[in-house]
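Report on the structure
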Amino acid sequence: MVNKNKKIFFFLSQPYDRFNYDRFSFNFLKKNGYEPIYVDLSGFFTKSNHQHKIKKNIKFIKINSFEDFLVFLNRHKEKFYFIDLVTYSSFIFNMFQKILSNRGCLKIYISTSIITLSHLLSPSQKFLIYIKKFEILKIFFSTFIYIKRGINNLLKTKPNLIFISGKDELKKFSNSQKIYPSCSLDYNTYIKTKIPILKKKLKQIVYLDQNFLYHRDFLSTNEGVKNRKNFLEFYKKLKIFISKIQREEKCKIVICIHPRSGKNSLNYLKKLFKSKNIIFSWNTNQEIQKSKLVIFNYSNSHQIAVLHHKPLLIVHNLSNKYFDYELKEKIINKISKDLDIPTVNLNRNFQNFKLRYEINIHKYKKYIKNYLSSIYPKRVSSWNIIIENLKRNNL
């Protein structure tokens, strides 16, 4: 039986699915005497009523309203660990965490993404862009959001135990906090990989789909509507680019499906890419491992390719017609510069573009240490590191 003080509450703004079950290693936590409990706040933040297909023996809680927070606090008065993986900002949720902290619960920080402050636009950069475009409403709106976010950040509960993926994350925290070198969730996936002895030359090229048309995050924000035409145009041009590569390289193309893609997304891709030389796969890690080149937009799954030391190519169709164009441009340029990898703007003539199969190994290793694993090249799971340190920091 699990000790009541060994409960770990995972607060997410996403409905429960197999993808999250695997990446948060719930089975591993249970085997080590901890009880993971999934708390779905997607209904509170997006007002959507998601249906769950829950695996047996996994407890989950839905929080859809302010009243649900009060019910939670009334039912769970014991001390426990909790992890905030919510992608939204909320005064109510911040106050809720403050109460948990005051009761003696310990907050754990883990990283799920490589997107850091250096990848994003600063408030001053956004302000200058809006002034340049003379977008008065955006100036007022962004100022309001900035002030609101600043207040929420001041009210945020600081984590008691911090497990950083890469050295770049040290910028977020003070020296007085408990910080432990760890690794990203994708690094956990990578170290599980059995490195095979490949007898045949690597031939396939992989494209990492980002599920632009049906991604839940895009559908719950303005981006899904404002960028739909741009996304459709991207896929149209991507099809031409992929066909060119397949024709010139005479190789198999593998389209790796986004882990949260549904039937709509898969059917769209299959209808778009009709070719016996193009296949679709959910096994991203394995397909990358067997590839000679990986193509992507700005998907975080490129991390797996970096860890496997695969040549990379960024493709996009960015223009000022895009919603949040400047942000996407900065992210893509930052990744390209950090890894020394080429980019192709599909809006331009790409018929003479030649693929590059060399990598800058020095930059790849630096990228891994900065963003993906502060313990590299050790092959240790972040969950092993977390459990080891939780045993030393009992509630």
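As shown above, the structure is provided for reference.
Summary of the structure given here. The structure displayed is predicted, hence computed values, not measured ones.

The subject of this paragraph is unusual backbone geometry. With an omega dihedral of 10°, the bond running from Tyr376 to Pro377 counts as a cis peptide bond. Note that Pro377 resides in the loop between α16 (361–372) and α17 (382–390). Positive phi is not limited to glycine here, since Asn211 has a value of about 55°. On the secondary structure map, Asn211 appears in the loop between β8 (204–208) and α9 (216–219).

A few words on the nonpolar core. Core analysis: the biggest nonpolar cluster contains 88 residues, and Phe10, Ile295 and Val315 have the highest contact counts within it. The greatest single-element share of this core, amounting to seven residues, is contributed by helix α11 (residues 228–249). Once residues within four sequence positions are removed from consideration, Ile295 is found in contact with Ile205, Val206, Tyr207, Leu208, Phe241, Ile242, Ile245, Leu313 and Val315. The next biggest cluster of nonpolar side chains, apart from the first, holds 19 residues, and it includes Phe44, Leu73, Phe80 and Leu100.

Turning our eyes to something else, we now look at the packing of α11 against helix α12 (residues 263–272). Closest axis-to-axis distance for the α11/α12 pair is 11 Å, and the angle between their directions is 40°. Between α11 and α12, the angle is such that the two are oblique. Regarding α11 and α12, the two cross each other, and that crossing is right-handed. Taken together, the residues of α12 that come into contact with α11 (itself represented by Leu232, Tyr235 and Lys239) are Tyr268, Leu269 and Leu272. Residues belonging to the contact of α11 with α12 are distributed by class as follows: five nonpolar, no polar and one charged.

Glancing now at helix α5 (residues 91–102). Since the α-helix advances by 3.6 residues per turn, residues separated by three or four positions end up pointing in the same direction. Between its first and last C-alpha, α5 extends 17 Å over 12 residues, near the 16 Å set by a 1.5 Å rise per residue. Burial in α5 covers these residues: Phe93, Asn94, Phe96, Gln97 and Leu100. Along α5, the residues classed as buried sweep out an arc of 155° about the axis, all on the same side. Sitting at the amino-terminal end of α5 is Ser90, which places a side-chain oxygen 3.3 Å from the backbone nitrogen of Ile92. Once α5 finishes, Gly104 follows within two positions and takes phi at roughly 100°, a positive value.

We now examine the packing of aromatic side chains. Going through the model one piece at a time under the given rule, you end up with 39 aromatic pairs. Pairing Phe10 with Trp383 gives two aromatic rings, centres 6.1 Å apart and planes at 50°, and the pair type is tilted. Taken together, the positions of Phe10 in strand β1 (residues 7–12) and Trp383 in helix α17 put the pair 373 residues apart, joining distant regions of the chain. Phe10 gets classed as buried once you look at its relative accessible area, which sits at 0%. We classify Trp383 as buried; its relative accessible area is 1%. With a centroid separation of 6.4 Å and an interplanar angle of 45°, the aromatic rings of Phe241 and Phe353 are classed as tilted. Remark: Phe353 occurs in the loop between β13 (343–345) and α16 and Phe241 occurs in helix α11; sequence separation between them is 112 residues. Here Phe353 falls in the partly exposed class, since its relative accessible area comes to 22%.

Reading the values: the criteria
- Residues numbered from 1 in each chain as written.
- Predicted model: local features only at pLDDT ≥ 70, side-chain atom pairs only at ≥ 80, totals over all residues.
- Heavy atoms only, no water.
- Helix = DSSP H or I, 4+ residues; strand = E, 2+ residues; numbered from the N terminus.
- Core = buried A, V, L, I, M, F, W, Y, C linked by side-chain atoms within 4.5 Å.
- Buried < 20%, exposed > 50% of the residue type's maximum accessible area, 1.4 Å probe, protein only.
- Contact = heavy atoms within 4.5 Å.
- Axes fitted to C-alpha atoms, helices over the stretch in contact; angles between N-to-C directions.
- Parallel < 35°, antiparallel > 145°, perpendicular 65-115°, else oblique.
- Left-handed = near helix turned anticlockwise from the far one by under 90°.
- Nonpolar A, V, L, I, M, F, W, Y, C, P; charged D, E, K, R; others polar.
- Expected span 1.5 Å × (residues − 1).
- Arc of directions from axis to C-beta.
- Polar contact = N/O pair within 3.5 Å; in protein donor to acceptor, adjacent residues only side chain to side chain.
- Phe/Tyr/Trp six-rings, centres within 6.5 Å; stacked < 30°, edge-to-face > 60°.

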